[in-house]
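This is what each chain is made of:
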Amino acid sequence: VQLQASGGGLVQAGGSLRLSCEASGRTLRTNAKGWFRQAPGKEREFVAAISPIGRSTDYADSVKGRFTISRDNAKNMVYLQMNSLKPEDTAVYYCAAESTSYRGLHYIPTEYDYWGQGTLVTVSS
């Protein structure tokens, strides 16, 4: 399984970006997916997670109300819409997926088995 993340870039504070992540090699329709981020000198942290059909989602407190995770299982895609971006959102963003069928949303990186290569988001003040 390969995950390919895209959509990062440079944006001014208050702006928006939409990240995309395409899975190939296996359909992941019954698997939870998530987004994490890692800023320079910091550990990778949870951003958002979504259940297989999108019925359940959850977010880090720092992004609630600004970010929205969604998925399109027909296309094997997961998205992260990021609005009202802040300089502290600057990080490399990673998409991730679990290899097992859905067993609840998870918030730590070790719960996820497949990872994208990361896409850099830079928010200028």
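The structure contained in this document is the topic of the report that follows. Please read these numbers as outputs of a predicted model, since none were measured by experiment. (Residues numbered from 1 in each chain as written. Predicted model: local features only at pLDDT ≥ 70, side-chain atom pairs only at ≥ 80, totals over all residues. Heavy atoms only, no water.)

**Section: the overall build of the chain**
Turning to step 1, where the next piece is worked out: Of the regular secondary structure elements, the chain holds zero helices and 11 strands.
Turning to step 2, where the next piece is worked out: In terms of C-alpha radius of gyration, the chain reaches 13 Å, essentially the compact-globule figure of 14 Å for 125 residues.
Turning to step 3, where the next piece is worked out: For the chain, the spread of C-alpha atoms along the three principal axes comes to 40 × 25 × 25 Å.
Turning to step 4, where the next piece is worked out: Of all 125 residues assigned to the chain, the portion counted as buried reaches 46%.
Turning to step 5, where the next piece is worked out: In the chain, the share of contacts with a sequence separation of at least 24, taken over all contacts with a separation of at least 6, comes to 59%.
Turning to step 6, where the next piece is worked out: In the structure as shown, the chain presents an accessible area of about 6200 Å², 47% of it carried by carbon and sulfur atoms.
Turning to step 7, where the next piece is worked out: Of the charged side chains in the chain, 14 are positive and 11 negative; the average position of the first set lies 6 Å away from that of the second. (Helix = DSSP H or I, 4+ residues; strand = E, 2+ residues; numbered from the N terminus. Rg over C-alpha atoms; globule rule 2.2 N^0.38 Å. Buried < 20%, exposed > 50% of the residue type's maximum accessible area, 1.4 Å probe, protein only. Contact = heavy atoms within 4.5 Å. Areas by Shrake-Rupley, 256 points an atom, 1.4 Å probe, with all protein chains shown as cover. Lys, Arg positive; Asp, Glu negative; His and termini not counted. Charge placed at Lys NZ, Arg CZ, Asp CG, Glu CD.)

**Side note on the pattern of salt bridges**
Two side chains bearing opposite charge may form a pair once their charged atoms approach each other closely.
Turning to step 1, where the next piece is worked out: One pass over the full model with this rule turns up six salt bridges.
Turning to step 2, where the next piece is worked out: The partner of Asp61 in a salt bridge is Lys64, with the nearest N and O atoms 3.3 Å apart.
Turning to step 3, where the next piece is worked out: Taking the relative accessible area as the measure of exposure, Asp61 reaches 65% and is therefore exposed.
Turning to step 4, where the next piece is worked out: Given a relative accessible area of 45%, Lys64 falls into the partly exposed group.
Turning to step 5, where the next piece is worked out: The residue Glu98 makes a salt bridge to Arg103 at a minimum N-O spacing of 3.5 Å.
Turning to step 6, where the next piece is worked out: Classification of Glu98 by relative accessible area gives buried; the value is 0%.
Turning to step 7, where the next piece is worked out: Classification of Arg103 as partly exposed rests on a relative accessible area of 43%. (Salt bridge = Lys/Arg side-chain N within 4 Å of Asp/Glu carboxyl O.)

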